[in-house]
Amino acid sequence: MHVDIGAALGEVAEPGVDEDELDALDERVATAHETIAAGRENGDFGYAALNLPEETDPSVIREAVEPVTDAEYVVTVGIGGSALGAKTVTAALADRPDRHVILDNVDPEHIERTLAALPLEDTAINVVSKSGTTAETLANFLVVRETYEDAGVDWTELTVVTTGESGPLAQLVEEHDLPRLPVPDGVPGRFAALSSVGLVPAAILDLDIEGLLSGAGAAADDLGPSLYDSPAYAYGAVCYALEERGAGVNAVMPYAERLELFAEWFAQLWAESLGKDGRGQTPARALGATDQHSQLQLYRAGPRDKMVTVVRPRERADVPVPETDHDSLSYLSGADLGQLLDAEYDATVASLAQAGRPAVEIELERLDAEGLGELLFAMEAATILVGELADIETFTQPAVEWGKRAARGLLSGEETEETKTVAERPSYRID
Ligand SMILES: O=P(O)(O)OC[C@H]1O[C@H](O)[C@H](O)[C@@H](O)[C@@H]1O
């Protein structure tokens, strides 16, 4: 994997990062790297995520899912970091990503329609919750369990659970003697893609989780005391510097359909880790070339408050564009779709640079298990680096707790500070 920061430099973009600023930042990267390395060495909370490439044992995951590997489908019941990593991996690597269905919301129509469409007797259930107490996950699991029971399908034969050792989900594991995979110690859910939290569906679909971990290990080996030698740190340092200069939005725009969900996974990682103390970039999700026809206008000619991150694999499938005798289409003659997509990528980066809008390019050798592992690990390392540079608490998410208490209070009917605030929330209805 390599990172190209050319379109983010001060002589090109405004906001832009000056090279002398990068040199000054590089000294801070060296210090941050020492902190990160020590945190990994001690297995400290959060930093332990960067040890997953060597800590995660794929054979343990494969053994746990062995009873359900004949299933045609797997439905993941989880939310946030307990679903996004898993769906990013199968979307990127599975020949048939439709075999992995995700229930990471409590929309009744969606749940009803999704379960009605699945051959339940041929669908494994992957329940994931680090805390084992998340309302959406538990509510969805109870609905899934009843749906299987009503259909006369023994859900206990089809279920794998990844959760901690306590909580309602762990009790359910005990009650029904279900296969349980532990969640990695000291790793927040959004950093747990390279563990059982993110790899169970991939193992059920028999994807190359070993290659994914090996690619992540290669990115781990690339971490060093200088951003000039480490693509992950270079990316994090440039994002930090651009945010300091006013780029409060980071539009992540992979030029590969199979990486569309990577932008969703990145959004949680970036927003929940770095959105603290009044700072943090808003991760916008986009897809190239599709969103050149929807958002590029804003990125190029809107406020100078954003940066764009484009991602692509160098290698692409070969799908030639058929010859045609229409003169107006002569430019397509002899081209293939990958060349067109790459031309659009190059044009987008140049267009942004020409308009003085900062962009950072991330290129993978190819989009395979190794390449994806490298990308996921690098983004996690970049996030942790930005947290060090911004001196924030990267690994917790206190701001989400208020909403959880309010929702629970509303459902239980008890009156709490939160439910009173909900009842008195500002309202100005226009009918
Ligand atoms: O894995 P769980 O404990 O069910 O948590 C699922 C998600 O919900 C929490 O509220 C946090 O916002 C996320 O960081 C977490 O990934």
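On a predicted model such as this, the values are computed, not experimentally measured, just so you know.

### Some points on the environment of K87
- When you line up the elements, K87 lands in helix 4 (residues 81-93).
- You can call K87 buried: its relative accessible area is 11%.
- Along the sequence, K87 and F262 sit 175 residues apart, while their C-alpha atoms lie 8.6 Å from each other.
- Every residue in contact with K87, bar those within four places of it in the chain, is listed here: H100, I102, D104, L261 and E264.
- In terms of polar contacts, K87 uses its side chain to reach the side chain of E264, at 3.1 Å.

### Looking at the site of the ligand
- The immediate surroundings of the ligand are formed by 14 residues, with S82, S129, S131, T134 and E272 found nearest.
- Here an oxygen atom of the ligand sits 2.8 Å away from a polar atom, N or O, in the main chain of G81.
- For the ligand, an oxygen atom lies 2.7 Å from a polar atom in the side chain of S131.
- Residue assignment for the shell around the ligand shows that the elements contributing at least two residues are helix 4 and helix 11 (260-274).
- Here the residues of the shell around the ligand sort into two nonpolar, eight polar and four charged.

### Focus: the packing of helix 10 (residues 231-244) against helix 14 (residues 369-390)
- Put simply, helix 10 and helix 14 touch, their axes get as near as 8 Å, and they point 45° apart. By the angle between their directions, the pair helix 10 and helix 14 is classed as oblique. The two elements helix 10 and helix 14 cross, and the hand of that crossing is right-handed. Of the residues in helix 14, those touching helix 10 at A232, Y233, Y235, G236, A237 and Y240 are A378, M379, A381, A382, L385, V386, L389 and A390.
- A breakdown of the residues in the contact of helix 10 with helix 14 according to their chemical character gives 13 nonpolar, one polar and no charged.

### Quick look at helix 3 (residues 58-65)
- P58, I61, A64 and V65 are the residues of helix 3 that are buried. Buried residues along helix 3 cover an arc of 125° about the axis, so they all sit on one side.
- In the core, the buried residues of helix 3 are packed alongside strand 5 (159-163), strand 6 (180-181), helix 8 (196-204) and helix 9 (209-221).

### So, the environment of D431
- Relative to the helices and strands, D431 is located in the segment after helix 16 (417-423).
- Engagement of the side chain of D431 in a polar contact is seen with the side chain of R429, the distance being 3.4 Å.

Cut-offs applied
- Residues numbered from 1 in each chain as written.
- Predicted model: local features only at pLDDT ≥ 70, side-chain atom pairs only at ≥ 80, totals over all residues.
- Heavy atoms only, no water.
- Helix = DSSP H or I, 4+ residues; strand = E, 2+ residues; numbered from the N terminus.
- Buried < 20%, exposed > 50% of the residue type's maximum accessible area, 1.4 Å probe, protein only.
- Contact = heavy atoms within 4.5 Å.
- Polar contact = N/O pair within 3.5 Å; in protein donor to acceptor, adjacent residues only side chain to side chain.
- Near = heavy atom within 4 Å.
- Nonpolar A, V, L, I, M, F, W, Y, C, P; charged D, E, K, R; others polar.
- Axes fitted to C-alpha atoms, helices over the stretch in contact; angles between N-to-C directions.
- Parallel < 35°, antiparallel > 145°, perpendicular 65-115°, else oblique.
- Left-handed = near helix turned anticlockwise from the far one by under 90°.
- Arc of directions from axis to C-beta.

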